[in-house]
Structures are given as C-alpha cells and as structure tokens.
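Take a look at the letters that make up each chain.
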Amino acid sequence: MKVETRSIEYVPAEERHGKARDLFPIWFGANMHITTLVTGALPISLGLNLFWSVAAIIVGTLLGAIFMASHSAQGPKLGIPQMIQSRAQFGVIGAIFPLFLVMFVYLGFFASSGLLAAQTLSSLVPIDQTWSILILNILCFVVTIFGHDLIHKMQKLLSWSSFFIYLAATYIIFQLPISAGSWSPGSLDWPVFLLAVSIVATWQLAYAPYVADYSRYLPITTSTAQTFWYSYAGTFIGTVWMMTLGATLTIAVPNFLDHSGGNLAHLFGGFAIIMYLIIIFGQLAINVFNLYGAFMSTITTIEPFWKLKVTPKVRVGMIFGVTVAGTILCLLGKSDFLTFFLNFIFFISYFLIPWTSINLVDYYVLRHGNYNVKDIFDVNGQYGKINWITCIAFVVSILAEIPFINTSFYVGPVAKAFEGADIAWLVGIVVPAALYYFPMKRKLSKAEYMNEKQETVI
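Keep in mind the model is a prediction, meaning the values are calculated, not measured.

(A) Expanded view of the packing of helix α7 (residues 96-124) against helix α8 (residues 129-146). At a minimum axis distance of 8 Å, the contact between α7 and α8 shows a crossing angle of 120 degrees. By the angle between their directions, the pair α7 and α8 is classed as oblique. For the pair α7 and α8, the sense of crossing is right-handed. Of the residues in α8, those touching α7 at Phe-110, Gly-114, Leu-115, Ala-117, Ala-118, Gln-119, Leu-121 and Ser-122 are Gln-129, Ser-132, Ile-133, Leu-136, Asn-137 and Cys-140.

Laid out in structure tokens, this is it:
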C-alpha cells in the first residue's frame, strides 16, 4: 500500500483520479457507526417521542447535509484541503483562528468515537477500557499514516459490510417491543424539537471542515452537481438510518446508552461477534477521518510560519502528536460520556456554523469558485495576512449567537423566552453571511476597478 506523499499542497492534474460516485461510500460509511447511532438517541434523551425524534433527524439531516455537500463540491475544482481554502476568506494568518477551533472539533470527535469503540472492545474481550483506548488509537495512527487512498478503500469496505450487517440489525430492532404511542404524532414540544434539529444539523456541519479533503483528488473536470449529490446522498442515507436505529433502541432497550455497543451486539445472540467487529471497524474508520483532519489542520496552522516540508518522518511525527492529544482527551472523558458528548456537540456548532456560512458565501456568491491557489500559500499574496472583514464578521456572529443558545452550562435570554428552543444555528448562518457579503463585495469591486484602471493606463 502506497503512503500518501502530499499533505496540504495543491494536487496537480496528473495525480487526480477517481469518479464522483466514489464519494457515496465515503460518506455513507462515515456515518455507519455507533457514534451516529448514539447521536440519534439524543432527541429521545431530550424528551421527544420516537415519531418526533425521527422527524427531527430527517429535517436536521436534510438541512445540514446541504452545507456539508456544498463544501465537498469545492474539492475537485480547487484541489486543496478544505481548511486551507479558508485562507482566501480569513487571510493566510487569519485562517489560523478558525483552524484552531476546528482542531478541537477533530479531537473532540476522536475522543468521543474512541470512547465508544473502547467500551465495545472491552465488552468483547476482558481488557480494561484504558487499554482498549490505547490499542484502538494505535491502529488509527497506523492507518492514518498511509493517508487518502487507504482511507477511501477502508470506507468502501466498511460501506458494503455495514450495509448488510445493519440491514439485519434493522430487522431485529424493529421487532423489539416499544411503548405504546411511540410512533404517534401526539403533541409536539416545539422548543425541544428545534433543539433536536440543531443537534442533528450540527452533526452534518461537523464534516464541513474536512469534506473537501476527500474530493480534492478527483479530476478537475468532475461535475460539481455530481460531487454534491453523491456526497449528499451518502451522508443523508447513512445518518438517517443509523440515528433512527439509535432513537428506536433507546426506547426499546432499557439503559441502552450505558453500553451501547455491547447492547447492540447482544441483539444478535450467537452471532454477536459479527456486530462487535463491525462496530469496532466503524469506530476505527471514523477516527481515522478525525485523525487525518487534525493532522491536515495542524500542518495548515504551522505552514505560514515555518514553510514546513512534510517528509515521511515529519508526517509520522505530527500524526503521532495528534494521536497522543486525542488519547488524553479519551482518557479524561471516559467517566461521563453522554454529558461530555452532548456539551461538545452544542459547543462546536456555535463556531462551525459562522465559518461555513462565510466560506460558502465567498465561494458560491462572491467569487464563484475562482481563486488563485498559488496565493493561498503565499503570506504576501492577494489574500493577505489577515482579512479583518472576515475576522470581525466571524467574532460578531459568534457573539450574536450567545443570547439564543441552550446548553447545560448556559441558557441565553432569547432561548429562555422561547422556552428552551435553540435557534442559534439559524443566527449563525444568516448574520455572518450578511456581515461578510456586503463589505467584502465592496472590497472586491474596488480591487477589480483598480486592476482595470491599471490595465487601461498601461
């Protein structure tokens, strides 16, 4: 197996390969794991019945996947990782601000997925959970060293194997007895429903910072529409399927979340070993995603200052450092997983959503995908060191979200007035779009006018 030689640099045409349809198994497989399933249990834990939990899962995925797939569609045209493209909006140095936050996203999901994998492994074999964490994270480290092509192959294998196993699991789960009225619309608690939609939409948005990393090797002629729809379909089907199973299991199996992996595997009776293995494989695969993304973000952060050449030795060293950081988070969070995970999901949404809004407005509305890739790597290039328009819009948008948020540690005044409804994610989409679009449009128009004037003089 060939080790990937590139990191954050542009992928030239002669190295491009694959087809847009290859993205379907990537993003279908990326959701076919126990962390997605547990996330589907959160609407139930908030107080919704099964009918409205599934409705929130569908609505949240429909909305969130639009943004996720729109980022994926950037990859073939630009040929660079998602977060380094943020330099075109934030400036080469300014992009470190969202990069730093995104690194927490990767590490947080690495920790939460690692904890669930370790619980499952410890249920399968008699070893301490700490040792399970260490063993699985070492495996993630080894796979991540090989990089892009191995990750694609791994996801295809996971997609096919998980499809058949979870098809059988679905049949078994929907035979389980559940409480009367679980599938009845009944009365709806709108604030809780909106909160659940926000959680599910955030799940999709969490892929946004690295989704283009897996489409950047596609040929530049790859259809934007096909890139979008294969990514969208893969993540939508995988997410809704797994989250619906998670919501159903939470109703049907007492204390399901205490040992979600073991409880799911035991439904297979004498064939439990098969489900144990697919759960562990799924967690390993998604944590390779998280580790790879954290490595790419670390390189992007360091590169403007040191112009670091990513040799095989440097690659291994940096991936190892990120693995150690994620492992420490795993060990610290293992005592109270659900509280840790729920707070983490809420926390990241308030930072990711303004970033995704700015990035998509810039790419699709202002610049229409036209960038000077060379200048993205040049601290003295046209995108500058820091774009204050973007940085101010980003910070102000985060502050604007505060009155609308609803978390276990803080509830904003507007959220209180709305009886707990969290619509901060809507604020995080609209406010940065407006704050960025209008001043940036004037700046770009002025720059275009000055260029035309210089050409006329010449």
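(B) The arrangement of the side chain of Ser-198 in detail. Examined against the element boundaries, Ser-198 turns out to sit in helix α10 (residues 190-205). Setting aside its immediate chain neighbours within four residues, Ser-198 contacts Asp-422 and Trp-425.

(C) How the structure looks around the nonpolar core. Judged by nonpolar contacts, the single largest core of 108 residues is most densely connected at Trp-27, Tyr-166, Leu-264, Met-275 and Phe-289. Setting aside anything within four residues of it in sequence, one finds Phe-289 in contact with Ile-26, Trp-27, Ala-30, Ile-151, Gln-155, Tyr-210 and Tyr-214. In terms of nonpolar packing, the next biggest core, distinct from the first, is built from 14 residues, Leu-48, Ala-55, Ile-353 and Leu-360 among them.

(D) A look at helix α9 (residues 148-173). With 26 residues, α9 should reach 38 Å at 1.5 Å per residue; the first-to-last C-alpha distance of 35 Å fits that figure. The largest bend along α9 measures about 25 degrees and falls at Ser-162.

(E) Representation of the packing of aromatic side chains in the model. This structure, assessed with the given rule, holds 31 aromatic pairs. Their ring planes at 85 degrees and their centres at 5.4 Å tell us that Trp-27 and Phe-289 sit as a pair that is edge-to-face. A residue pair is termed long-range when its members are at least 10 positions apart, and Trp-27 in helix α1 (residues 23-29) and Phe-289 in helix α13 (residues 272-306) qualify at 262 residues. In this structure, Trp-27 and Phe-289 share a single accessibility class: buried. Considering the side-chain rings of Tyr-106 and Tyr-210, the 5.2 Å spacing of their centres and the 35 degrees angle between planes classify their relative orientation as tilted. Of the two residues, Tyr-106 sits in helix α7 while Tyr-210 sits in the loop between α10 and α11 (224-252), which places them 104 residues apart along the sequence. The class for Tyr-210 is buried, based on a relative accessible area of 3%.

What counts, and where the lines are drawn
Residues numbered from 1 in each chain as written. Predicted model: local features only at pLDDT ≥ 70, side-chain atom pairs only at ≥ 80, totals over all residues. Heavy atoms only, no water. Axes fitted to C-alpha atoms, helices over the stretch in contact; angles between N-to-C directions. Helix = DSSP H or I, 4+ residues; strand = E, 2+ residues; numbered from the N terminus. Parallel < 35°, antiparallel > 145°, perpendicular 65-115°, else oblique. Left-handed = near helix turned anticlockwise from the far one by under 90°. Contact = heavy atoms within 4.5 Å. Core = buried A, V, L, I, M, F, W, Y, C linked by side-chain atoms within 4.5 Å. Buried < 20%, exposed > 50% of the residue type's maximum accessible area, 1.4 Å probe, protein only. Expected span 1.5 Å × (residues − 1). Bend = angle between axes of the 7 residues up to and from the residue. Phe/Tyr/Trp six-rings, centres within 6.5 Å; stacked < 30°, edge-to-face > 60°.

Read these as spatial facts, not as claims about activity.
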